[in-house]
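Residues per chain are reported as follows:
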Amino acid sequence: MSVILITGASSGIGAALARRYAAPGNHLILNARDPGRLDGVARACRASGATAETAPLDVRDRAAVGAWLRDLDARAPLDLAIVNAGVNGGHPTGGIETEETAFETVDVNLNGALNVAMPCVTLMLARGRGQIALLSSLAAYAPLPDAPAYSGTKAALLAHGLALREKIRHTGVRLSVVTPGYVKTPMGGDYKGWRPFEMSADQAAARIARGLERDRDVIAFPWLLTAGARGAGLLPERLRRLGMHGFRFQIRKRR
């Protein structure tokens, strides 16, 4: 049996990944803050033959998350942990991001991700096997002026993940960073602006699963937007700023 942990599994990419891995012989551990939606995803996964348990736990609670992961791993060692939970940041009218939004975004996207990833690293290193995926974004390469905290947290996850992958690469523990472009999800639907090469959550999940099977260091897609985002970092700042102008957006107020 493969034991797979997915955070942010109640909708979007997380739910699509849960459905992707829902097969006989797989045990899914699904985390999100909305128990109602999370239970719905779990039921769908069980209908596909997987076993599934849910944990409506806030990833920002470091002590609780650490204790939960150690208990999980003692019962059934984790084979794969997909660290996906995140929020948008930004401002409803396209104004300057507020302090409250910025700090909340950092707490969820960066601190929350590490609250999950680092205990998993420790547990997997102790037995010499396991795999971790950190969900970043192409905004890590091309920061979005309308979402500075989001862009900053995703850049931090990319740098941290790649550095840690190199450090542990001879231990039997594998780590990949996922940098998707625009994906049609409830969270992505909060963006009001141009969304080139947007794909469905199921398409994104298929690419992520394929990249993890191949142990890619960075799982980036779509390729054309990836090339543009990575290339933007090589341009003089004036040209990069002009190129990013078309990606300005507003974000609907967070509920």
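Everything here concerns the structure above.
The rules behind the values
- Residues numbered from 1 in each chain as written.
- Predicted model: local features only at pLDDT ≥ 70, side-chain atom pairs only at ≥ 80, totals over all residues.
- Heavy atoms only, no water.
- Helix = DSSP H or I, 4+ residues; strand = E, 2+ residues; numbered from the N terminus.
- Expected span 1.5 Å × (residues − 1).
- Bend = angle between axes of the 7 residues up to and from the residue.
- Salt bridge = Lys/Arg side-chain N within 4 Å of Asp/Glu carboxyl O.
- Buried < 20%, exposed > 50% of the residue type's maximum accessible area, 1.4 Å probe, protein only.
- Arc of directions from axis to C-beta.
- Contact = heavy atoms within 4.5 Å.
- Polar contact = N/O pair within 3.5 Å; in protein donor to acceptor, adjacent residues only side chain to side chain.
- Axes fitted to C-alpha atoms, helices over the stretch in contact; angles between N-to-C directions.
- Parallel < 35°, antiparallel > 145°, perpendicular 65-115°, else oblique.
- Left-handed = near helix turned anticlockwise from the far one by under 90°.
- Nonpolar A, V, L, I, M, F, W, Y, C, P; charged D, E, K, R; others polar.
- Pairing = 2+ DSSP bridges.
- Right-handed = clockwise from strand over helix to strand, strands pointing away.
- Core = buried A, V, L, I, M, F, W, Y, C linked by side-chain atoms within 4.5 Å.

(A) Up close: helix H4 (residues 99-127). Relative to the 42 Å expected for 29 residues at 1.5 Å per residue, H4 spans 41 Å between its end C-alpha atoms, a close match to the ideal helical length. Bending of H4 peaks at approximately 30° at the position of Asn111.

(B) Layout of the pattern of salt bridges. For the structure shown, the criterion picks out nine salt bridges. Its salt-bridge partner being Asp34, residue Arg37 comes within 3.2 Å of it at the nearest N-O pair. In this structure, Arg169 engages Glu166 in a salt bridge whose closest nitrogen and oxygen atoms are separated by 2.8 Å. A single network of salt bridges, built from pairs that share partners, joins Glu53, Asp71 and Arg75.

(C) A look at helix H2 (residues 35-47). In this model, H2 (13 residues) spans 18 Å end to end at C-alpha, consistent with the 18 Å of a helix rising 1.5 Å per residue. Considered for burial, the residues of H2 that qualify are Leu38, Val41, Ala42 and Cys45. For H2, the angular spread of buried residues about the axis comes to 100°, placing them on one side. Those residues of H2 that are exposed and angled more than 90 degrees off the buried face are Arg43 and Ala47. Packing partners of the buried residues in H2 comprise helix H1 (12-21), strand E2 (26-31) and strand E3 (51-55). At the N-terminal boundary of H2, the capping side chain belongs to Asp34, with an oxygen 3.1 Å from the backbone nitrogen of Gly36. Directly beyond the C-terminal end of H2, a positive phi value near 110° is found at Gly49.

(D) Seen up close, the packing of H4 against helix H5 (residues 148-168). Here H4 crosses H5 at 15°, and the two axes come no closer than 9 Å. By the angle between their directions, the pair H4 and H5 is classed as roughly parallel. Crossing angle aside, the handedness with which H4 passes H5 is right-handed. Here Ala102, Thr105, Val106, Asn109, Leu110, Ala113, Leu114, Met118, Val121 and Leu125 of H4 lie close against H5, whose contacting residues are Ala149, Tyr150, Thr153, Lys154, Ala156, Leu157, His160, Leu164 and Ile168. Of the residues belonging to the contact of H4 with H5, the class tally is 14 nonpolar, four polar and one charged.

(E) Quick peek at the side chain of Asn26. As for its position among the elements, Asn26 is in strand E2. Apart from the residues lying within four places of it in its own chain, the contact partners of Asn26 are Met1, Ser2, Ile4, Tyr21, Ala50 and Thr51.

(F) Region of the structure containing the pairing of strand E6 (residues 173-180). Most of E6 sits out of view: seven of its eight residues are buried. With six bridges joining them, strand E5 (residues 130-135) and E6 adopt parallel strand pairing. Residue Leu135 lies in a different strand from E6, and its bridge partner there is Val178. Between E5 and its parallel partner E6, the chain crosses via H5, and the hand of that crossover is right-handed. Bridge count for E6 against strand E10 (residues 218-221) is four bridges, and the pairing is parallel. The partner of Val177 across the bridge, within E10, is Val218.

(G) Quick peek at the nonpolar core. Leu5, Trp68, Leu69, Leu78, Val116, Cys120 and Ile132 are the most contacted members of the largest nonpolar core, which totals 38 residues. Every element with two or more residues in this core is listed here: strand E1 (2-7), helix H3 (62-75), strand E4 (80-83), H4, E5, H5, E6 and helix H7 (223-232). Counting residues per element, this core draws most heavily on H4, which supplies eight residues. The residues touching Leu78, leaving out its near neighbours within four places in the chain, are Val3, Leu5, Ile29, Leu69, Asp73, Cys120, Met124 and Arg127.

(H) Molecular detail of the environment of Asn111. Along the chain, the position of Asn111 falls in helix H4. A distance of 3.2 Å separates a polar atom in the side chain of Asn111 from a polar atom in the side chain of Asp107.

(I) The arrangement of the environment of Gly161 in detail. Within the element layout of this structure, Gly161 appears in helix H5. Take Gly161: its relative accessible area is 0%, and that puts it in the buried class. If we skip the residues at most four places from it in the chain, Gly161 touches Leu134, Leu175 and Val177.

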